[in-house]
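Architecture at a glance
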Amino acid sequence: MAASSSFFAAPIPNAYHSSSALQRPQLCLFSKRFSSVTISASSKGDEVSASIGFLGLGIMGTPMATNLLKAGCDVTVWNRTKSKCDPLISLGAKYKSTPEEVAASCDVTFAMLADPESAFEVAAGPQGAAKGMSAVKGYVDVSTVDAPTSKQIGERIKETGAMFLEAPVSGSKKPAEDGTLIFLTAGDQPLYEKVSPLLDIMGKSRFYLGDVGNGAAMKLVVNMIMGSMMASFSEGLLLCEKAGLDPSDLVKVVSQGAISAPMFSMKGPAMIQSLYPTAFPLKHQQKDLRLALELAESVSQPTPIAAAANELYKVAKSNGLSDQDFSAVIEALRSKLGHQTE
């Protein structure tokens with residue numbers, strides 16, 4: 001992608017862009033001014049290495065930051081548990097001891113935190129990123145939070161004169177590793193335009209949805225649907241067993257029909273074996289269902305199916321499955337069946 005003063009040679013769509021047709025960038029470069037960021041396959045004489053911060057190196061943050069490093073970006077990382085930074089440092093990342101220091105040393109800072117409380121603390125706490133922001137910088141929060149929290153984070157960032165973009169992702173561990181996430185962005189469109197090539201390194205498509213809060217709300221709706229689908233799929237697998245059918249056949253049948261979903265084909269075989277390798281922790285799925293129900297309540301929208309699914313995930317959490325993959329919700333149903341047959 002050649003350098004241009006506006007970051008793109010042609011205007012981008014306001015609502016949707018898929019990077020699948022684009023050649024994935026191999027080297028990440030900023031010009032000397034953040035206002036003309038570019039990604040190029042080779043260095044130009046008047047360009048210097050990009051300076052990108054990444055806060056939060058969990059299941060999602062680590063592969064996302066790794067893909068930026070592999071694309072040639074100059075990445076500085078921070079995580080509450082410093083040892084989680086070590087694999088990135090071995091790949092060439094720099095390390096700072098606080099979010100404030102990361103933001104102060106970088107042109108744009110990404111944040112991937114587990115919940116609204118930690119996302120706000122990392123952005124706006126005593127040593128938060130906002131302390132290191134200024135008018136020439138940008139902050140991109142890719143965490144899944146509720147719209148009010150995202151707006152609060154955005155306000156704190158923009159008080160410094162910096163730009164803010166919320167960009168929660170649709171996708172779990174494997175898409176994060178493969179660079180095939182979907183970004184649901186909202187906020188400062190100039191920042192969206194500047195960081196779009198970085199999003200294309202980490203994802204396969206991106207949506208620009210307007211004002212801050214819209215991206216957060218869209219992500220909660222998506223995860224509400226996903227959590228409800230997994231609960232229903234779990235019921236189907238167990239019903240097959242009780243009816244004397246092979247649940248493996250259900251996975252095959254579903255994969256051929258109108259309700260086919262990659263999630264069912266990927267997770268079904270392991271669920272049948274009671275194996276739940278964590279790609280998306282169950283506690284995070286329940287958190288997102290809770291936030292989605294709060295969103296629904298705020299607009300007087302009935303969501304009875306999601307509410308029932310949320311209760312099932314709460315049972316699974318109470319059974320000690322919080323850190324298992326969200327597909328372990330099937331164990332909450334198994335435990336109910338066990339109690340019924342005792």
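The model shown is predicted, which means the values in this text are computed figures rather than measured ones. (Residues numbered from 1 in each chain as written. Predicted model: local features only at pLDDT ≥ 70, side-chain atom pairs only at ≥ 80, totals over all residues. Heavy atoms only, no water.)

To continue, consider the packing of aromatic side chains. Tallying each qualifying case throughout the model produces five aromatic pairs. Aromatic pair Tyr 192 and Tyr 208: ring centres 5.2 Å apart, planes at 35 degrees, arrangement tilted. Separated by 16 residues along the polypeptide, Tyr 192 in helix H7 (residues 189-202) and Tyr 208 in strand E13 (residues 203-208) bring together distant segments of the chain. Residue Tyr 192 shares its accessibility class with Tyr 208, and that shared class is buried. Its guanidinium or amino end placed over the ring of Tyr 95, Lys 82 lies 5.0 Å from that ring's centre, counting from NZ or CZ. (Phe/Tyr/Trp six-rings, centres within 6.5 Å; stacked < 30°, edge-to-face > 60°. Helix = DSSP H or I, 4+ residues; strand = E, 2+ residues; numbered from the N terminus. Buried < 20%, exposed > 50% of the residue type's maximum accessible area, 1.4 Å probe, protein only. Lys NZ or Arg CZ within 6 Å of the ring centre and 35° of its normal.)

We now examine the packing of helix H8 (residues 214-242) against helix H11 (residues 282-298). Where H8 meets H11, the axes come as close as 8 Å, and the angle between the chain directions of the two elements is 120 degrees. Relative to H11, the element H8 lies oblique. Between H8 and H11 the crossing geometry is left-handed. Residue-level contacts link Ala 217, Leu 220, Val 221, Asn 223, Met 224, Met 226 and Gly 227 of H8 to Gln 285, Asp 288, Leu 289, Leu 291, Ala 292 and Leu 295 of H11. Tallied by class, the residues present in the contact of H8 with H11 amount to nine nonpolar, three polar and one charged. (Axes fitted to C-alpha atoms, helices over the stretch in contact; angles between N-to-C directions. Parallel < 35°, antiparallel > 145°, perpendicular 65-115°, else oblique. Left-handed = near helix turned anticlockwise from the far one by under 90°. Contact = heavy atoms within 4.5 Å. Nonpolar A, V, L, I, M, F, W, Y, C, P; charged D, E, K, R; others polar.)

We now examine the UniProt feature "active site" (unreviewed entry) in the protein. With numbering aligned to this structure, UniProt lists the feature "active site" (unreviewed entry) at Lys 219. Mapped onto the secondary structure, Lys 219 falls in helix H8. Lys 219 has contacts with Thr 144, Pro 168, Val 169, Ser 170 and Leu 184, leaving out every residue within four places of it along the chain. For Lys 219, the side chain forms a polar contact with the side chain of Thr 144, separated by 2.6 Å. (UniProt positions renumbered as here; feature names shortened; annotations may be inferred. Polar contact = N/O pair within 3.5 Å; in protein donor to acceptor, adjacent residues only side chain to side chain.)

We now examine the side chain of Lys 287. Position of Lys 287 among the secondary structure elements: in helix H11. A polar side-chain atom of Lys 287 sits 2.8 Å from a polar atom in the side chain of Asp 288. Those residues within four positions of Lys 287 in sequence are excluded, and the remaining contacts are Ala 114, Asp 115, Pro 116 and Thr 144.

This part is about the side chain of Arg 334. Relative to the helices and strands, Arg 334 resides in helix H13 (residues 330-341). Side chain to side chain, Arg 334 and Tyr 276 meet in a polar contact 3.1 Å long. Only 2.8 Å separates the side chain of Arg 334 from the side chain of Glu 331, close enough to count as a polar contact. Once you skip the residues sitting within four places of it in the chain, Arg 334 turns out to touch Leu 238, Glu 241, Met 271, Ile 272, Ser 274 and Tyr 276.

With that settled, consider a nonpolar patch on the surface. Together, Val 221, Ile 225 and Met 229 give the surface a local cluster of nonpolar side chains, amounting to about 220 Å² of exposed area. One can find Ile 225 in helix H8. (Patch = residues over 30% accessible without salt bridge, like charges linked within 9 Å, V, L, I, M, F, W, Y side chains within 5 Å. Areas by Shrake-Rupley, 256 points an atom, 1.4 Å probe, with all protein chains shown as cover. Salt bridge = Lys/Arg side-chain N within 4 Å of Asp/Glu carboxyl O.)

Close contact between H8 and helix H9 (residues 247-255) brings their axes to 8 Å; oriented N to C, the two are set at 135 degrees. Of the possible angle classes, the one that applies to H8 and H9 is oblique. Of the two elements, H8 crosses H9, and the hand of that crossing is right-handed. From H8, Phe 233, Gly 236, Leu 237, Cys 240 and Glu 241 reach across to H9, where they touch Pro 247, Leu 250 and Val 251. Looking at side-chain class alone, the contact of H8 with H9 contains six nonpolar, one polar and one charged residues.

A few words on the environment of Gly 161. On the secondary structure map, Gly 161 appears in the loop between helix H5 (147-158) and strand E10 (163-166). With 31 residues separating them in the primary sequence, Gly 161 and Ala 130 have C-alpha atoms 9.9 Å apart. For Gly 161, the contacting residues outside a window of four places in its chain are Ser 134 and Ala 135.

Now for the confidence of the model for the protein. Per-residue confidence for the protein gives a mean pLDDT of 88, with 84% of residues at or over 70. Overall, residues 30-49 carries pLDDT values under 50, and its contacts beyond four positions in sequence, including any with other chains, amount to 61 contacts. (pLDDT = per-residue confidence, 0-100.)

In terms of strand pairing, strand E12 (residues 181-187) meets E13 through five bridges, oriented parallel. Following the sheet pairing, Phe 183 is matched in E13 by Arg 206. Regarding the hand of the β-α-β motif, the stretch spanning E12, H7 and E13 is right-handed. (Pairing = 2+ DSSP bridges. Right-handed = clockwise from strand over helix to strand, strands pointing away.)

Now for the nonpolar core. Among soluble globular proteins, nonpolar side chains are generally buried collectively. By size, the foremost hydrophobic cluster in this structure holds 35 residues, and its most contacted members are Phe 54, Met 64 and Phe 110. When contributions to this core are tallied by element, the ones reaching two or more residues are strand E5 (51-55), helix H1 (61-70), strand E6 (74-78), strand E8 (108-111), E10, E12 and H7. The leading source of residues in this core is H7, at seven residues. The contacts of Phe 110, once residues within four sequence positions are left out, are Ile 52, Gly 53, Phe 54, Leu 55, Val 140, Val 142, Val 195, Leu 198, Leu 199 and Met 202. Judged by nonpolar contacts, the second largest core, of 32 residues, contains Val 254, Met 271, Leu 312 and Phe 326. (Core = buried A, V, L, I, M, F, W, Y, C linked by side-chain atoms within 4.5 Å.)

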